[in-house]
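Residue-level structure breakdown
Next come the chains, spelled out residue by residue.
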Amino acid sequence: MDETRSIARVTAGQDVVDGAGVKIHRIIGTGKLNHIDPFVLLDEIKSADPEDYIAGFPTHPHRGIETITYMKRGNFRHKDSRGGGGLLTAGCVQWMTAGRGILHSEMPESADGLLWGYQLWLSLPAKLKMTEPAYQHLSPDMIPGVRGEGVSVKVISGTYKGVSGPAKNLVAADYFEVTVDEGSVFRHTLAGAMSSFVYAHTGTLTVDPEGAAQKVAERSLAELAGGTTVAVSGDSSGASFLFLASYPNNEPIARGGPFVMNTEEEIRQAFADYRSGKLG
Ligand code: FE
């Protein structure tokens, strides 16, 4: 049965301060929305005031997750303890597998103008939490765009209409940025077992426009459930959103700052390894 997904819940993000004093709009990883398994964090930075972001994210560790950063405007400089590094400019994606441990810094480089980007955390399943760390820099020319019938899709990860994104995945995940013209509908088929959500970053959306026609306000996230087809339209031309889908781990989630593991004991071990210099 090819049923269309409807909205399980809609959540607005909340403003938080993280890193060395960066103002963030946190969408997943809050008291209102802890996670959409396996996605345990989604942050939006969008500000034209350098005071909001220039302090950046000096050296810090991660374990147990992949951190996926998508820059829309402005520049971010990345450096990590394994010699990885690079400048993320507009349109770049950094797909970092923290695995058993990595130290990195993420610092904005432009001191003026709009900084706009997203960081998503994908919690690795228990069997991959201690995998070898890795770093993929995906430049804009590597990220295919698919355009047709008033819908354009940037395919960062996964496959849309037979076009695959450049990310080499440990865990299958669709990560698309979709822009729709008024009256056009984005359609995508996914496995019934996958979790999925849309985040409306520009304009208002309608989920399942030919059916339940539920609205998603700008800067809100809608978790989608209950079928194998996704259909989303925009209420005005240029409405744009992030679409994410992946398989839930269905495992306990233990969080400790930059670490996401399965048990509190593993979190204590991560902090102990960090203190003794074994991480990264
Ligand atoms: Fe980080």
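Here's what I pulled together on the structure shown here. Values in this document were obtained by computation on a predicted structure and should not be read as measured data.

Along the chain, the regular secondary structure elements total one helix and 26 strands. Against the compact-globule benchmark of 19 Å for 280 residues, the chain has a radius of gyration of 18 Å, which places it among compact chains. Taken along its principal axes, the extent of the C-alpha atoms in the chain is 55 × 45 × 35 Å. Counting over 280 residues, the chain shows a buried share of 55%. A fraction of 71% describes how many contacts in the chain between residues 6 or more apart in sequence connect residues 24 or more apart. Carbon and sulfur atoms form 50% of the exposed surface of the chain, whose accessible area is close to 11,300 Å².

For the rest of this paragraph, the subject is the coordination of the iron ion. Coordination of the iron ion by the protein comes from H60 (NE2), H62 (NE2), H104 (NE2) and E106 (OE), over a distance range of 2.1 to 2.4 Å. All donors to the iron ion come from one chain, and their sequence spacing reads H-x1-H-x41-H-x1-E. Of this pair, H62 sits in strand β5 (residues 57-62) while H104 is found in strand β10 (residues 102-108), placing the two residues 42 residues apart along the sequence. For the pair shown, H62 and H104 are each scored as buried.

Let us now look at the layout of surface pockets. Taken as a whole, the largest pocket holds about 470 Å³ of empty space. What lines the largest pocket is a set of 27 residues, and nearest its centre among them are D43, F57, H60, E106 and Q119. Elements that contribute at least two residues to the lining of the largest pocket include exactly β3 (22-28), β4 (39-47), β5, β6 (65-73), β7 (76-80) and β11 (115-123). When residues of the lining of the largest pocket are assigned to their parent elements, the largest contribution, six residues, is made by β11.

So, about the packing of aromatic side chains. In total, this model carries eleven aromatic pairs according to the counting rule given. Arranged with centres 6.4 Å apart and planes meeting at 80°, the rings of F176 and F186 form a pair that is edge-to-face. Taken together, the residues span a long stretch of sequence, with F176 in strand β17 (residues 173-180) and F186 in strand β18 (residues 185-189) at a distance of ten residues. A relative accessible area of 0% places F176 in the buried class. Grouped by ring-pair contacts, the aromatic residues Y160, F176, F186, F241 and F243 constitute a single cluster.

An order of β18-β23-β20-β21 is seen for the four strands of this open sheet, with the pairing classed as antiparallel. In this open sheet, the two strands that pair with only one neighbour each are β18 and β21 (214-216). Across the sheet, the mean angle separating the axes of adjacent strands is 25° when strand polarity is ignored. Here strand β20 (residues 205-207) runs beside β21; their pairing, made up of three bridges, is antiparallel. When the bridges of β21 are listed, V207 appears paired with Q214.

For the rest of this paragraph, the subject is empty space enclosed by the protein. One pass over the structure, following the stated rule, counts one cavity of 30 Å³ or more. If you add up the space inside the largest cavity, you get close to 50 Å³. Every residue lining the largest cavity is listed: D37, S123, L124, K129, N249, E251, P252, I253, M261 and N262. The residue inventory of the lining of the largest cavity, partitioned by class, reads four nonpolar, three polar and three charged.

The next subject is the nonpolar core. By size, the foremost hydrophobic cluster in this structure holds 28 residues, and its most contacted members are L42, Y175, F197 and L221. Here the element with the most residues in this core is β11; it accounts for four residues. Look past the residues within four positions of Y175 in its chain and what remains in contact with it is I68, Y70, W95, Y118, L120, K154, V155, I156, S157, L242, F243 and L244. Formed by 25 residues, the second largest nonpolar core is a distinct cluster that contains Y160, F176, V230 and A245.

Rules used throughout
Residues numbered from 1 in each chain as written. Predicted model: local features only at pLDDT ≥ 70, side-chain atom pairs only at ≥ 80, totals over all residues. Heavy atoms only, no water. Helix = DSSP H or I, 4+ residues; strand = E, 2+ residues; numbered from the N terminus. Rg over C-alpha atoms; globule rule 2.2 N^0.38 Å. Buried < 20%, exposed > 50% of the residue type's maximum accessible area, 1.4 Å probe, protein only. Contact = heavy atoms within 4.5 Å. Areas by Shrake-Rupley, 256 points an atom, 1.4 Å probe, with all protein chains shown as cover. Donors = N, O, S within 2.8 Å, 3.2 Å for Na, K, Ca; no water. 1 Å grid on protein atoms, 1.4 Å probe; cavity = no way out; pocket = protein on both sides within 12 Å on 5 of 7 lines; lining within 4 Å. Points joined across faces, edges and corners; volume = space filled by probe spheres on them. Phe/Tyr/Trp six-rings, centres within 6.5 Å; stacked < 30°, edge-to-face > 60°. Pairing = 2+ DSSP bridges. Axes fitted to C-alpha atoms, helices over the stretch in contact; angles between N-to-C directions. Nonpolar A, V, L, I, M, F, W, Y, C, P; charged D, E, K, R; others polar. Core = buried A, V, L, I, M, F, W, Y, C linked by side-chain atoms within 4.5 Å.

Geometric values such as these leave the question of function open.
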